[in-house]
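# Breakdown of the fold
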Amino acid sequence: MGSENSALKSYTLKEPPFTLPSGLAVYPAVLQDGKFASVFVYKRENEDKVNKAAKHLKTLRHPCLLRFLSCTVEVDGIHLVTERVQPLEVALETLSSAEVCAGIYDILLALIFLHDRGHLTHNNVCLSSVFVSEDGHWKLGGMETVCKVSQATPEFLRSIQSIRDPASIPPEEMSPEFTTLPECHGHARDAFSFGTLVESLLTILNEQVSADVLSSFQQTLHSTLLNPIPKCRPALCTLLSHDFFRNDFLEVVNFLKSLTLKSEEEKTEFFKFLLDRVSCLSEELIASRLVPLLLNQLVFAEPVAVKSFLPYLLGPKKDHAQGETPCLLSPALFQSRVIPVLLQLFEVHEEHVRMVLLSHIEAYVEHFTQEQLKKVILPQVLLGLRDTSDSIVAITLHSLAVLVSLLGPEVVVGGERTKIFKRTAPSFTKNIDLSLEGDPFSQPIKFPINGLSDVKNTSEDSENFPSSSKKSEEWPDWSEPEEPENQTVNIQIWPRETCDDVKSQCTTLDVEESSWDDCEPSSLDTKVNPGGGITATKPVTSGEQKPIPALLSLTEESMPWKSSLPQKTSLVQRGDDADQIKPPKVSS
């Protein structure tokens, strides 16, 4: 015990303890590294028994046996430190029928291990010797009464009689002729004790267990394990095939524990219908017993499991549409049971494991804390960027995009950022209503003809334009409306009866050039009207002059005409060049 004391990590006892019927106090404790444990405090005069119990716990390793951590001698007694457990007497009220059935199966496996592999007998299988671990497994303790089958003499049994449960003592020990049982029947004492324990537990099972199965199991207990004749009690392994242990939960557990021994056809069939079998179980049972068995590398390597089952386990329940299958666990159970397992899986550097984790990261990433995301998840995800697998790199980039929304780009990308992409998208929703009153562009604009313009009108028009439109050197803003498609300049042409040498009658022109080839400027008299217009006249034989309205402005080489110019124009604004609209040129 001295070497064990030197290697022991310090721990802190928590109040209150639980006292077993034998007088043994069990304290919950916390180790120095933060892990939980239980401390069994024995009296100093029981040092020999404690040493025997510690020896058996250290040498016997089985999932259904109490796991030993250390043993030390303290001022208040001898401390036996084990994994965190609670007595079955305390936890029994909170367990479901499926959990009780599974617990009975755990104790059965533990006893079979002691009998077949260790050639040992427990000698005190009772309610106070069974404990429930944090993951829901039932663990067999009370190892201070364990001995070899050949050592279970009447003298040894009398020495431990003070800590044995009277209900677990078989009737043959009451006989004065009682002797040591032969090796082939060494299991008989534990078989009777186990039958007594199970019979007391069956009374709390509800309608979840079939009445026929329950009745059949009770009859088997009485005819075999509770038989008063020791030689008529069969080995405990004969109970494993009973229908009482054939339920969905136990079959799933047993299959997953032996997954490496199954064929591909068996695994495909199992995972194909696993969701239906598990959905009928309670959420607490799935979270405590099945999550550790389902979230591991072996299950992640099965394609059928990845496709048909894991999506419903790698996310909590949410509001879903009618007809959709919900996930298996509530957010609270998912947070407490699944998240710790996922944190461990992110440290597993196997390609198929990482692919499954990142494929469903959007379903569970919100349930990590900020500290877990920064210290565990993000560093592990970033490792995928340097992997040689294209699939790993691609899915890593997708996962980083998910993390940006939770941690921010400064944490995920790192470094200083700068604005590279500007918001200059064209706006197609802004329109200018030209029918509004007071619109500067609704007024007619008078064009200069042949370099002559009305100074008064020009100054008035220029005041109507916005000041920003006069800067012709600036580029138009993208957010302003584009040039309308039907921008036209309508100029009305009056009939030219007085001009005989016009080659063709002029009609309304938009942007095309027209010419009067035979009109000679010398034959026209020009004068400037007081209103600023130009009137062109031509002598006619009848002695009557008719005004020739000019439609278009002349070229620089042409002579000014004397004409009356009716100004009927309709303009549409064009960006910043609205004050620089020039009339189309006409070559004469």
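Residues numbered from 1 in each chain as written. Predicted model: local features only at pLDDT ≥ 70, side-chain atom pairs only at ≥ 80, totals over all residues. Heavy atoms only, no water.

## Digging into the packing of helix 4 (residues 97-116) against helix 8 (residues 248-257)
Between helix 4 and helix 8, the shortest axis-to-axis distance is 9 Å and the interhelical angle comes to 45 degrees. Here helix 8 runs oblique to helix 4, going by the angle between their axes. The crossing of helix 4 and helix 8 is right-handed. Taken together, the residues of helix 8 that come into contact with helix 4 (itself represented by Ala-98, Cys-101, Ala-102 and Tyr-105) are Phe-249, Leu-250 and Asn-254. (Axes fitted to C-alpha atoms, helices over the stretch in contact; angles between N-to-C directions. Helix = DSSP H or I, 4+ residues; strand = E, 2+ residues; numbered from the N terminus. Parallel < 35°, antiparallel > 145°, perpendicular 65-115°, else oblique. Left-handed = near helix turned anticlockwise from the far one by under 90°. Contact = heavy atoms within 4.5 Å.)

## Observations regarding unusual backbone geometry
In this model, Glu-15 is joined to Pro-16 through a cis peptide bond whose omega is -5 degrees. Along the chain, Pro-16 turns up in the loop between strand 1 (11-13) and strand 2 (18-19). In this structure, His-119 takes a positive phi of about 55 degrees despite not being glycine. Within the secondary structure layout, His-119 lies in the loop between helix 4 and strand 8 (120-121). A positive phi angle is found at Asn-123, which is not glycine, with a value near 75 degrees.

## Observations regarding the UniProt feature "repeat: HEAT" (unreviewed entry) in the protein chain
Those residues carrying the UniProt feature "repeat: HEAT" (unreviewed entry) are residues 338-375 in this numbering. Within residues 338-375, the helical portion is 71% and the strand portion 0%, while the C-alpha atoms at the span's ends are 18 Å from each other. (UniProt positions renumbered as here; feature names shortened; annotations may be inferred.)

## Focus on the pattern of salt bridges
Inspection of the entire model under this criterion finds 12 salt bridges. Here Lys-317 ties to Glu-283 by a salt bridge, and the two come within 2.6 Å at their closest N and O atoms. On the criterion of sequence distance, the pair formed by Lys-317 in the loop between helix 13 (303-308) and helix 14 (331-345) and Glu-283 in helix 11 (residues 283-294) is long-range, its members being 34 residues apart. Among the residues examined, Lys-317 registers a relative accessible area of 34% and is labelled partly exposed. Connected through shared salt-bridge partners, Arg-164, Glu-173 and Arg-189 make up one network. (Salt bridge = Lys/Arg side-chain N within 4 Å of Asp/Glu carboxyl O. Buried < 20%, exposed > 50% of the residue type's maximum accessible area, 1.4 Å probe, protein only.)

## Observations regarding the nonpolar core
Counting 115 residues, the largest nonpolar core has Phe-194, Phe-244, Phe-245, Leu-295, Leu-329, Leu-342 and Phe-368 as the members making the most contacts within it. With 12 residues, helix 4 is the largest single contributor of residues to this core. Of all hydrophobic cores here, the second largest spans nine residues; its members include Ala-25, Tyr-27, Ala-37 and Val-39. (Core = buried A, V, L, I, M, F, W, Y, C linked by side-chain atoms within 4.5 Å.)

## What about the side chain of Ser-399?
Looking at the element boundaries, Ser-399 is found in helix 18 (residues 390-407). The exposure class assigned to Ser-399 is buried, which follows from its relative accessible area of 0%. Aside from chain neighbours lying at most four places away, what touches Ser-399 is Leu-358, Ile-361 and Val-381.

## Description of the sheet that holds strand 9 (residues 130-133)
Taken together, the three strands give an open sheet; going across it, the order is 7-9-10, and neighbouring strands pair in antiparallel fashion. In this open sheet, the two strands that pair with only one neighbour each are strand 7 (85-87) and strand 10 (138-140). Sheet twist, expressed as the average angle between the axes of neighbouring strands with direction ignored, equals 40 degrees. Looking at chain direction, strand 9 and strand 10 are connected through three bridges and run antiparallel. Bridge assignment links Val-132 to a residue of strand 10, and that residue is Trp-138. (Pairing = 2+ DSSP bridges.)

## Remarks on the packing of aromatic side chains
Tallying each qualifying case throughout the model produces nine aromatic pairs. Geometrically, the ring pair formed by Phe-217 and Phe-245 is edge-to-face, given 5.6 Å between the ring centres and 85 degrees between the ring planes. In this pair, Phe-217 is assigned in helix 7 (residues 211-225) and Phe-245 in the loop between helix 7 and helix 8, connecting sequence segments 28 residues apart. Aromatic side chains Phe-270 and Phe-271 sit 5.1 Å apart centroid to centroid with 75 degrees between the ring planes, which places their arrangement in the edge-to-face category. Relative accessible area serves as the criterion here: at 6%, Phe-270 is assigned to the buried category. Its relative accessible area of 1% is what places Phe-271 among the buried residues. Taken together, the ring pairs connect Tyr-105, Phe-217, Phe-244 and Phe-245 into an aromatic cluster. (Phe/Tyr/Trp six-rings, centres within 6.5 Å; stacked < 30°, edge-to-face > 60°.)

## Re the pairing of strand 5 (residues 68-74)
For strand 5 and strand 6 (residues 77-83), the ladder comprises six bridges, and the chain directions are antiparallel. Across the sheet, the residue bridging to Ser-70 is Val-81, located in strand 6. Linking strand 5 to strand 6, which pair antiparallel, is a turn of two residues.

## Quick notes on the packing of helix 8 against helix 9 (residues 264-272)
It is at 12 Å that the axes of helix 8 and helix 9 come closest, and there the two elements cross at 140 degrees. Here helix 9 runs oblique to helix 8, going by the angle between their axes. Note on packing geometry: the crossing formed by helix 8 with helix 9 is left-handed. Residues Val-252, Phe-255 and Leu-256 of helix 8 pack against Glu-266, Lys-267, Phe-270 and Phe-271 of helix 9.

## Observations regarding the side chain of Ser-129
Note that Ser-129 resides in the loop between strand 8 and strand 9. The exposure class assigned to Ser-129 is buried, which follows from its relative accessible area of 3%. Separated by 2.8 Å, the side chain of Ser-129 and the backbone oxygen of Asn-124 make a polar contact. Excluding residues within four positions of it along the chain, Ser-129 makes contact with His-122, Asn-124, Lys-139, Leu-140, Gly-141 and Gly-142. (Polar contact = N/O pair within 3.5 Å; in protein donor to acceptor, adjacent residues only side chain to side chain.)

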